[in-house]
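Listed below are the residues making up each chain.
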Amino acid sequence: MAKKILVTGGTGYIGSHTVVVLQEAGYEVLIIDNLSNSSIDVIEGITRITGIRPVFEKVDCTDMDGMRAFFEKYPGIDGIIHFAASKSVNESVRKPLLYYRNNIVSLLNILELMPEFNVKGLVFSSSCTVYGEPDKNPIDEDAPIKPATSPYGNTKQINEEIIRDYIHSGAPIKSIILRYFNPIGAHPSAEIGELPIGEPQNLVPYITQTAIGIRPYLKVFGNDYNTPDGTCIRDFIDVMDLSRAHLVAMDRILEDKSDEKMEIFNLGTGRGVSVMELIRVFEKVTGKPLNYQIVGRREGDIEQIWANPEKANKVLGWKAETPLEETLTSAWKWQLKLRERGIM
Ligand code: WQD
């Protein structure tokens with residue numbers, strides 16, 4: 001019988017792509033999401049890609065009664081991939097308590113319910129933001145955790161500690177923590193992708209919205225950094241590659257491939273790409289010049305960070321393989337699809 005995976009935040013950006021990958025690998029997928037930052041239409045996109053409609057329940061992970069009712073209604077869940085969280089760095093500075101409540105209480109509820117309902121594995125969405133400004137790049141998993149620069153970042157650090165402490169206490173679960181670098185792009189079918197609400201905060205949605213004419217120009221935040229072209233450097237990882245890592249992580253837990261009860265992996269390409277380089281690749285693949293202006297630095301930005309993904313490459317047998325050109329093509333195709341559907 002197919003193993004059952006609960007994906008929290010499964011209508012969100014990374015969650016929805018991971019649902020597709022899990023379904024295609026033969027898992028039975030159940031989604032919960034409070035739809036605070038995503039649309040129910042995503043379920044249709046998933047269903048069009050895989051031909052399988054995942055179970056969906058509108059549940060808020062901070063609602064313990066709602067969560068318990070969900071586990072009672074759907075017994076036999078083997079693993080959870082926990083994406084559901086608030087994720088805007090900016091908003092977290094303005095609304096810290098919202099971020100602490102959403103991101104901490106959700107995880108506490110899930111951890112408390114796992115043994116009660118005999119759920120064995122947890123794959124947790126963390127972030128390279130836990131490293132702060134690295135002393136050296138590429139950065140591996142043993143690099144020091146720096147004080148968080150935003151409440152959002154702090155919630156990810158605290159979440160990791162909560163999982164570690166709970167497992168250390170002898171909890172009957174296993175967990176893999178995945179630290180994402182900068183996920184971009186969309187499913188190649190353009191049936192699902194990233195759907196930012198309002199003005200995008202992240203680079204690639206801002207680029208595609210500018211290219212299609214929703215935004216007049218992209219503001220490049222600073223070209224006076226200590227990098228070859230003066231703009232910041234990131235490790236941009238294709239969302240489908242990232243999603244596949246979740247599948248491998250879940251397999252690893254459920255097949256007991258490791259003696260470790262908790263493991264941490266960086267998920268990146270291992271290659272640093274500057275903001276200007278990314279713009280150039282986007283212009284090349286779309287054949288459209290992008291309107292941009294160099295403006296002042298954005299507060300809180302890290303100058304340069306990219307992953308050493310060797311541990312994930314070796315231990316998980318996973319590698320980010322999609323060329324940047326292909327990833328940016330998928331992001332652009334998704335933007336065109338949104339226009340075609342009259343969404344944006
Ligand atoms: C990338 C680069 C910007 C927008 C990531 C996650 C974020 C958070 C932390 C993840 C930077 C520049 C951007 C624009 C620009 N949490 N930029 N003009 O800051 O690396 O954040 O890690 O867990 O959610 O995305 O990503 O896409 O915002 O910025 O010049 O309009 O692009 O200054 O150098 P960032 P980003």
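Please refer to the structure placed before this passage.
These notes cover the structure that comes with them. (Residues numbered from 1 in each chain as written. Predicted model: local features only at pLDDT ≥ 70, side-chain atom pairs only at ≥ 80, totals over all residues. Heavy atoms only, no water.)

### Some words on the site of the ligand
- Contacts to the ligand come from 18 residues, most closely from Ser127, Tyr152, Lys219, Arg234 and Asp301.
- Taking Leu203, its main chain carries an N or O atom lying 2.8 Å from an oxygen atom of the ligand.
- Looking at the shell around the ligand, the elements that each hand over two or more residues are helix 7 (203-211) and strand 8 (218-221).
- Partitioned by chemical class, the residues of the shell around the ligand number nine nonpolar, four polar and five charged. (Near = heavy atom within 4 Å. Polar contact = N/O pair within 3.5 Å; in protein donor to acceptor, adjacent residues only side chain to side chain. Helix = DSSP H or I, 4+ residues; strand = E, 2+ residues; numbered from the N terminus. Nonpolar A, V, L, I, M, F, W, Y, C, P; charged D, E, K, R; others polar.)

### Here we look at the sheet that holds strand 4 (residues 79-82)
- Read from one edge to the other, the open sheet built from seven strands follows the order 3-2-1-4-5-6-11, with strand pairing classed as parallel. The open sheet has two edge strands with one neighbour each: strand 3 (55-58) and strand 11 (262-267). Taking each pair of neighbouring strands and ignoring which way they run, the sheet shows an average axis angle of 20°.
- Bridge count between strand 2 (residues 28-33) and strand 3: four bridges; the pairing is parallel. Bridged to Leu30 within strand 3 is Val55.
- On the sheet, helix 3 (residues 64-73) packs against strand 1 (4-8), strand 2, strand 3 and strand 4 and is oriented at approximately 160° with respect to strand 2.
- Along the sheet face, helix 8 (residues 239-254) touches strand 1, strand 4, strand 5 (121-127), strand 6 (174-180) and strand 11 and points at about 165° away from the line of strand 6. (Pairing = 2+ DSSP bridges. Axes fitted to C-alpha atoms, helices over the stretch in contact; angles between N-to-C directions. Contact = heavy atoms within 4.5 Å.)

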